[in-house]
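Inside the fold
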Amino acid sequence: MEASAPGRARRGWRRARAAGSPLSRAAMVLVVSALVLWAPPSVGYLDRLPRSAQLPQDSVKIVGSPNIPVKVYVMLHQKSPHVLCVTQRLRNSELVDPSFQWHGPKGKIISENSTAQITSTGSLVFQNFEESMSGVYTCFLEYKPTVEEVIKNLQLKYVVYAYREPHYYYQFTARYHAAPCNSIYNISFEKKLLQILSKLVLDLSCEVSLLKSECHRVKMQRAGLQNELFFTFSVSSLDTEKGPKPCADHSCESSKRLSKAKNLIERFFNQQVEVLGRRAEPLPEIYYIEGTLQMVWINRCFPGYGMNILKHPRCPECCVICSPGSYNSRDGIHCLQCNSSLVFGAKACL
């Protein structure tokens, strides 16, 4: 069934050529522009759903272990969870005259520090966490179990990682029956198509970028040669690390807006097939070939970050920093080896 519409379209095109029908650039632009009339209106953003890559930092309190360093994940430019200078057992016990002291990659941390604060109960809290703050943090605790007992000492290590959300986007490919490959009509059509797609997703704070456009001569089954345009384009969120967010509330989650943009684009290409199927007059020289639209969901970690569910099971969908602070083999910590290449469907860290 999918091949029937292209077949009818090609036969109609051949009849039009045989009859000497004019196939001008103006007619081509008119057809593409008319398709905008079938595009749905802008739609409000969907409600936010929980994301596994985002940890509820304000409500989390992390305790240490006397045996191994505890991993802590802090989203870039956000507040950290409370890192406690006690184990789970000591957290549920009374401590007499406790004394807390924290050391980080840059030395001793004082309570007056503006970016790393120590609470009155010895918890370490980071404000506006930066990449350079990642590394190994050590807490030294002195306390008495009871008034009569001697002072005890405890040393707890934490490995603090900066992480950030992946850069999500959709990559589309589509094919169009084309004018001769050296024709300026193909270039005009490409520009018009990108304008239409960009307008479709503008209200969702998304953008369309052309990745590749090529014209090829294709030998059809049991038929002659025809010219085809191969388009590859991406749809991504306008969010940037340093720029302003498109809106402030939680309904603006980029993955939700991207999903809505994907649906609009798929509907747009389906409507092209419907419009061409209802046409009584000859087809334009350039038209979409039914069934050729393909889409791939891509998430990519920015350079210096990567995903690794084995090393970071508590943050499996986070892009975790690869070389935090003062990691070394004596601490038993192994840095991730990451790259910045595109990875389809999951990881950007090897």
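Rules used throughout
- Residues numbered from 1 in each chain as written.
- Predicted model: local features only at pLDDT ≥ 70, side-chain atom pairs only at ≥ 80, totals over all residues.
- Heavy atoms only, no water.
- Disulfide = S-S within 2.5 Å.
- Helix = DSSP H or I, 4+ residues; strand = E, 2+ residues; numbered from the N terminus.
- Buried < 20%, exposed > 50% of the residue type's maximum accessible area, 1.4 Å probe, protein only.
- 1 Å grid on protein atoms, 1.4 Å probe; cavity = no way out; pocket = protein on both sides within 12 Å on 5 of 7 lines; lining within 4 Å.
- Points joined across faces, edges and corners; volume = space filled by probe spheres on them.
- Nonpolar A, V, L, I, M, F, W, Y, C, P; charged D, E, K, R; others polar.
- Phe/Tyr/Trp six-rings, centres within 6.5 Å; stacked < 30°, edge-to-face > 60°.
- Lys NZ or Arg CZ within 6 Å of the ring centre and 35° of its normal.
- Contact = heavy atoms within 4.5 Å.
- Core = buried A, V, L, I, M, F, W, Y, C linked by side-chain atoms within 4.5 Å.
- Domains from an automatic or database assignment.
- Expected span 1.5 Å × (residues − 1).
- Polar contact = N/O pair within 3.5 Å; in protein donor to acceptor, adjacent residues only side chain to side chain.
- Salt bridge = Lys/Arg side-chain N within 4 Å of Asp/Glu carboxyl O.
- Pairing = 2+ DSSP bridges.

What follows deals with the state of the cysteines. Across all of its chains, the model carries 4 disulfides by this definition. At a sulfur-sulfur separation of 1.4 Å, the disulfide partner of C85 is C139. Torsion about the S-S bond of the C85 and C139 cystine: about -80°, corresponding to left-handed handedness. In this pair, C85 sits in strand β3 (residues 82-87) while C139 sits in strand β8 (residues 135-144), placing the two residues 54 residues apart along the sequence. Comparing C85 with C139 shows no difference in burial state: the two are buried.

This part covers empty space enclosed by the protein. A complete count under the given rule lists 2 cavities of 30 Å³ or more for this structure. Surrounding the second largest cavity, E190, L193, L194, L197, L210, F231 and F233 form its lining. Elements with a contribution of two residues or more to the lining of the second largest cavity: α4 (184-201) and β12 (225-237). Examining the composition of the lining of the second largest cavity, we find that 4 residues originate from one element, α4, more than from any other. Class assignment for the residues of the lining of the second largest cavity results in 6 nonpolar, no polar and 1 charged.

A word on the packing of aromatic side chains. Scanning the entire structure with this criterion turns up 16 aromatic pairs. Aromatic pair Y170 and F172: ring centres 6.3 Å apart, planes at 45°, arrangement tilted. For the pair Y170 and F172, a shared accessibility class is recorded, and that class is buried. Taking the ring centre of F302 as reference, the NZ or CZ of R164 above it sits at 4.3 Å. When the ring centre of Y305 is taken as origin, the NZ or CZ atom of R164, which lies over that ring, is 4.9 Å away.

Our next topic: the environment of A162. With respect to the helices, strands and loops of the structure, A162 is situated in strand β9 (residues 152-164). Its relative accessible area of 0% is what places A162 among the buried residues. Those residues in contact with A162 that lie beyond four places of it in its chain are V74, L76, F129, E131, S134, Y305, C319, V320 and I321.

Moving on, we come to the nonpolar core. W102, L124, F126, Y137 and Y158 are the most contacted members of the largest nonpolar core, which has 42 residues in total. Counting only elements with at least two residues in this core, the list comes to β1 (61-64), β2 (70-75), β3, β6 (116-118), β7 (124-126), β8, β9 and β16 (319-321). No other element matches the 8 residues that β9 contributes to this core. Split by domain, this core shows at least three residues from each of two domains, domain 1 (61-164) and domain 3 (311-349). When residues no more than four places from it in sequence are discounted, the contact partners of Y137 are W102, H103, G104, P105, I109, L124, F126, L156, K157, Y158 and V160. Residues Y170, Y176, A178 and I265 belong to the second largest nonpolar core, which totals 27 residues.

Okay, α4 next. For α4, which comprises 18 residues, the first-to-last C-alpha distance of 27 Å matches the rise-based estimate of 26 Å (1.5 Å per residue) to within 8%. When we look at burial in α4, the residues that qualify are N186, S188, F189, L193, I196, L197, L200 and V201. Sitting at the head of α4, S183 places a side-chain oxygen 3.1 Å from the backbone nitrogen of Y185.

Enumeration according to the criterion identifies 2 salt bridges in this entry. The salt bridge partner of E228 is R175, with a shortest N-O separation of 2.6 Å. Of this pair, E228 sits in strand β12 while R175 is found in strand β10 (residues 167-177), placing the two residues 53 residues apart along the sequence. Measuring nitrogen to oxygen at the nearest pair gives 3.5 Å for the salt bridge that ties K262 to E266. One end of the pair, K262, and the other, E266, are both in helix α5 (residues 254-278), 4 residues apart, so they sit about a helical turn from each other.

Turning our attention to the pairing of β3. Burial analysis of β3 places 5 of its 6 residues in the buried class, the great majority of the element. Here 3 bridges tie β1 to β3, and the two strands are oriented parallel to one another. Each bridged residue has a counterpart across the sheet, and for I62 the counterpart in β3 is V83.

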